[in-house]
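Spelled out from the first residue to the last, the chains are:
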Amino acid sequence: MTGTPFSVTTRTTGTGAVVTVAGELDVATTPRFRAGIDALALAPGQLLVVDLGEVTFCDSSGISALIAAHNVAETAGAGVALAAVPDRLARTFGLIGLGDFFRTYPSAEAAFLD
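Computed from a prediction, not measured in an experiment: that's the story for all the values here.

Draft legend 1. Geometry of the pairing of strand β1 (residues 7-13). Pairing of β1 with strand β2 (residues 16-25), which is carried by seven bridges, proceeds in the antiparallel orientation. Counterpart to Val 8 in the pairing with β2 is Val 21. Hairpin connection between β1 and β2: a loop of two residues separates the two successive antiparallel strands.

As structure tokens, then:
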């Protein structure tokens with residue numbers, strides 16, 4: 001437990017949306033994250049970027065929620081990318097076979113430049 005308050009903020013751009021997550025992404029907080037993703041109005045060709053730079057912990061329910069976000073974007077015909085993935089989480093993705101599942105970028109801005 002880090003004591004970092006959990007938050008999910010969303011900003012939209014002309015080419016998609018950035019969802020910034022801070023704090024612990026776990027069984028207690030993933031419903032808020034998923035509600036934020038489900039509220040997005042993504043259009044075909046847009047990009048959903050999930051910025052994880054301020055995530056201090058992520059358990060299996062958080063990983064499941066990220067996969068669900070991928071599925072929401074894919075269903076809308078949009079792409080999905082992760083930005084500023086902490087090293088410990090990137091390592092976990094690699095260990096569980098998700099290393100190539102998500103496109104990752106050092107920042108949300110870099111994701112939109114690709």
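Read on for the rest.
Draft legend 2. Structural context of the pairing of β2. β2 sits mainly inside the fold: nine of its 10 residues count as buried. As defined by bridge partners, β2 adjoins strand β3 (residues 47-58) across nine bridges and the pair is classed as parallel. Pairing of Leu 25 across the sheet is with Cys 58, part of β3. After leaving β2, the chain enters helix α1 (residues 30-38) and then returns to the sheet as β3, a path that is right-handed.

Draft legend 3. Quick look at the sheet that holds strand β4 (residues 79-83). The mixed open sheet is built from five strands, whose spatial order is β1-β2-β3-β4-β5. The open sheet has two free edges, formed respectively by β1 and β5 (103-105), since each of these has just one partner strand. For this sheet, the mean angle separating the axes of adjacent strands, direction not counted, is 25°. Helix α2 (residues 60-75) rests against β2, β3 and β4 of the sheet, and its axis sits at about 175° to β3. In this fold helix α3 (residues 87-95) packs onto β3 and β4, with an angle of close to 110° to the strand it touches most, β3.

Draft legend 4. Looking closely at the side chain of Thr 29. Among the structural elements, Thr 29 can be located in the loop between β2 and α1. At 2.9 Å, the side chain of Thr 29 forms a polar contact with the backbone nitrogen of Asp 26. Every residue in contact with Thr 29, bar those within four places of it in the chain, is listed here: Phe 6 and Glu 24.

Cut-off values and rules
- Residues numbered from 1 in each chain as written.
- Predicted model: local features only at pLDDT ≥ 70, side-chain atom pairs only at ≥ 80, totals over all residues.
- Heavy atoms only, no water.
- Pairing = 2+ DSSP bridges.
- Helix = DSSP H or I, 4+ residues; strand = E, 2+ residues; numbered from the N terminus.
- Buried < 20%, exposed > 50% of the residue type's maximum accessible area, 1.4 Å probe, protein only.
- Right-handed = clockwise from strand over helix to strand, strands pointing away.
- Axes fitted to C-alpha atoms, helices over the stretch in contact; angles between N-to-C directions.
- Contact = heavy atoms within 4.5 Å.
- Polar contact = N/O pair within 3.5 Å; in protein donor to acceptor, adjacent residues only side chain to side chain.

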